[in-house]
Amino acid sequence: MSKNIALITGVTGQDGSYLSEFLLAKGYEVHGIIRRSSVDFRERIAHLEGTPNFHLHYADMGDSMSLVKLVGKVQPTEIYNLAAQSHVQVSFDAPEFTADVDAVGVLRILEAVRTNHLEKTCKIYQASTSELYGKVEEVPQNEKTPFHPYSPYAVAKLYGYWIIKEYREAYDMFCCSGILFNHESERRGETFVTRKITLAAARIAQGKQDCLYLGNLDSLRDWGYAKDYVECMWLILQHDKPEDFVIATGVQHTVREFATLAFHYAGIDLRWEGEGVNEKGIISNISNPSNASNLKVGDVVVAVSEAFYRPTDVVNLWGDPTKAKNELGWNPQTTSFEQLVQIMVKHDMEKVAADHVASVMRTNLAEYLEKGIVK
Ligand code: NAP
Ligand code: F7E
């Protein structure tokens, strides 16, 4: 039997790290693309480095030659194209870079496969996104819902979606899009709204931060757990024919609801007062007071800042995962919204506490060294 060899672009990201673990557990040889950075600690995959079937290679989505050479060297049977400038708000500040990596980058991967004559043996998964629905034309959204991208990120991803479809039809390649709705985890980047909230709730509960500033609290998202979603990426490539799938939980919540629940799990109940930019999250009850915090009922711990409003914002994402459920046998309710928030808050409460202990130890050590107590 031929060996399963996966090449993952974006291996250092949230999804890349979970997908690597998933594929290694299935016996795959996993190759990941990394790029040079001045800080070489790759936090999300550090625990995998040194694993016999796990290999990292330098390349870049902006560098065709590096991709062609790497695809030729690795001879993958499956490529998971997860690399992207994935932050919607950042795409307004760096639209050209976003287009290069998120749009033309997809083309570069497809051409790297063709240049190496692997189009009949290598399947390709493309990380498409619910942001394609943008200024939504129907709710909930499924595989037939028209697209209306509403940010430079979404427009770039739309090119990726269509070029994948084009190569499938023109060259009979097994390439597919997973149209994934927001998926979060304790490994989520710290500037996405969910992780920003869970980290801030943990810091505020432990007296390390006074207030959390957010943008649009009314925005609706269909949030799932990233660990559950990487299974779908694999299932899409194991399907008998190449097709696109919506991956979502089918349940919608506002940013405000996410924040209310996250603070609750951190021991702080909130009530909301005011509207728009004047809305505030105010403490109504403290169930788990930390010695380190001086919090009291009535304190404002969440406020709105216009700095986090977007020139155009996608405000009503709600996915219909029926096709994935019926054709891939995937369960969209493996982890509930409540469980997801709880997992993230528990992780961040522990992280903030551990960071505090580490900082106290560093301070003590510096003092002991200065006084000559330790040498
Ligand atoms: P992420 O945590 O932001 O990870 C992005 C990855 O892309 C990182 O490994 C990053 O490398 C890499 N990358 C960026 N530019 C690159 C370049 N020029 N060359 C090589 N690698 C580059 O994103 P994620 O949340 O795991 O998402 C994975 C994919 O799914 C992305 O394509 C995203 O757009 C898409 N998506 C995500 C969601 C979601 O809710 N998470 C939903 C739908 C679609 P560095 O570590 O070096 O920066
Ligand atoms: O924003 C609102 C914001 O940045 C969610 C990426 O993985 O999922 C992600 O994109 C909502 C938006 O994710 C803040 O305006 C309010 O309406 O967490 P986010 P996103 O833009 O949905 C999709 C599916 C992807 O494909 C992307 O790669 O929350 N919001 N206040 C805020 N958002 C942020 N970041 N920060 C705030 O303070």
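All of the points below concern the structure found in this document. (Residues numbered from 1 in each chain as written. Chains lettered and ligands numbered in written order. Predicted model: local features only at pLDDT ≥ 70, side-chain atom pairs only at ≥ 80, totals over all residues. Heavy atoms only, no water.)

A few words on the site of ligand 1. Neighbouring ligand 1 are 24 residues; T12, R35, L82, S86 and Y153 lie closest to it. A distance of 3.1 Å separates an oxygen atom of ligand 1 from a polar atom in the backbone of G13. H183 is positioned such that a nitrogen or oxygen atom in its backbone is 2.9 Å from an oxygen atom of ligand 1. In the complex, 87% of the free accessible area of ligand 1, which totals 900 Å², lies under the protein chains. If you list the elements that add at least two residues to the shell around ligand 1, you get helix 1 (14-25), strand 5 (123-129) and helix 5 (152-171). (Near = heavy atom within 4 Å. Polar contact = N/O pair within 3.5 Å; in protein donor to acceptor, adjacent residues only side chain to side chain. Areas by Shrake-Rupley, 256 points an atom, 1.4 Å probe, with all protein chains shown as cover. Helix = DSSP H or I, 4+ residues; strand = E, 2+ residues; numbered from the N terminus.)

Bringing the sheet that holds strand 6 (residues 175-180) into the picture now. Across the sheet, seven strands lie side by side as 3-2-1-4-5-6-11; this open sheet has parallel pairing. In this open sheet, the two edge strands, each paired with only one partner strand, are strand 3 (54-58) and strand 11 (245-247). Each adjacent strand pair in this sheet contributes to an overall mean axis angle of 20 degrees, direction not counted. Pairing of strand 4 (residues 78-81) with strand 5 involves four bridges; the strand directions are parallel. By the bridge assignment, I79 is partnered in strand 5 with I124. (Pairing = 2+ DSSP bridges. Axes fitted to C-alpha atoms, helices over the stretch in contact; angles between N-to-C directions.)

Let us now look at the site of ligand 2. Residues in contact with ligand 2 amount to 23 residues; listed here are only the nearest, S86, T129, Y153, S219 and R310. The separation between an oxygen atom of ligand 2 and a polar side-chain atom of R221 is 2.8 Å. The separation between an oxygen atom of ligand 2 and a polar side-chain atom of R310 is 2.6 Å. Here ligand 2, which alone exposes 700 Å², has 96% of that area covered by the protein. Here the residues of the shell around ligand 2 sort into eight nonpolar, nine polar and six charged. (Nonpolar A, V, L, I, M, F, W, Y, C, P; charged D, E, K, R; others polar.)

Here we come to the sheet that holds strand 14 (residues 280-286). Strand order across the open sheet formed by four strands is 8-15-14-13, with mixed pairing between neighbours. What marks the edges here is a single partner per strand, and that holds for strand 8 (212-214) and strand 13 (268-273). With strand direction ignored, the average angle separating the axes of adjacent strands in the sheet is 25 degrees. Pairing analysis gives six bridges linking strand 13 to strand 14, with the strands arranged antiparallel.

Attention now moves to the pattern of salt bridges. One pass over the structure, following the stated rule, counts 18 salt bridges. What you see here is one network of salt bridges that share partners, running through D218, R256 and E279. (Salt bridge = Lys/Arg side-chain N within 4 Å of Asp/Glu carboxyl O.)

This part takes up the packing of aromatic side chains. A complete count under the given rule lists 12 aromatic pairs for this structure. Look at Y18 and Y225: their rings are 6.5 Å apart centre to centre, the planes differ by 65 degrees, and that puts the pair in the edge-to-face class. Highlighted residues: Y18 in helix 1 and Y225 in strand 10 (residues 224-225), separated in sequence by 207 residues. Of the two residues, Y18 and Y225, neither departs from the other in class, the shared state being buried. Between the aromatic rings of Y133 and F147, the centroid separation amounts to 5.3 Å while the plane-to-plane angle is 40 degrees, which identifies the pairing as tilted. Of this pair, Y133 sits in the loop between strand 5 and helix 5 while F147 sits in the loop between strand 5 and helix 5, and the two are 14 residues apart along the sequence. Taking relative accessible area as the criterion, Y133 reaches 0% and is therefore assigned buried. Site record: aromatic cluster; members linked through ring pairs are Y133, F147, Y161, W162 and F181. (Phe/Tyr/Trp six-rings, centres within 6.5 Å; stacked < 30°, edge-to-face > 60°. Buried < 20%, exposed > 50% of the residue type's maximum accessible area, 1.4 Å probe, protein only.)

This part takes up helix 5. For helix 5, spanning 20 residues, the distance from its first C-alpha to its last is 28 Å, which sits close to the expected 28 Å at 1.5 Å a residue. Taken as a whole, helix 5 has its buried residues at Y153, A154, A156, K157, L158, G160, Y161, I163, I164, Y167 and R168. Considering only its buried residues, helix 5 is in contact with helix 3 (88-93), helix 4 (95-115), strand 5 and strand 6. (Expected span 1.5 Å × (residues − 1). Contact = heavy atoms within 4.5 Å.)

For any two helices packed against each other, one specifies the inter-axial angle together with the distance between the axes. Interhelical geometry of helix 8 (residues 255-265) versus helix 10 (residues 337-371) gives an angle of 50 degrees and a closest axis separation of 9 Å. Considering their axes alone, helix 8 and helix 10 lie oblique with respect to each other. The interaxial crossing formed by helix 8 with helix 10 has right-handed handedness. Each of F258, L261, A262 and Y265 in helix 8 lies in contact with helix 10, whose residues at this interface are F337, E338, V341, Q342, M344 and V345. Residues of the contact of helix 8 with helix 10, tallied by class, amount to eight nonpolar, one polar and one charged. (Parallel < 35°, antiparallel > 145°, perpendicular 65-115°, else oblique. Left-handed = near helix turned anticlockwise from the far one by under 90°.)

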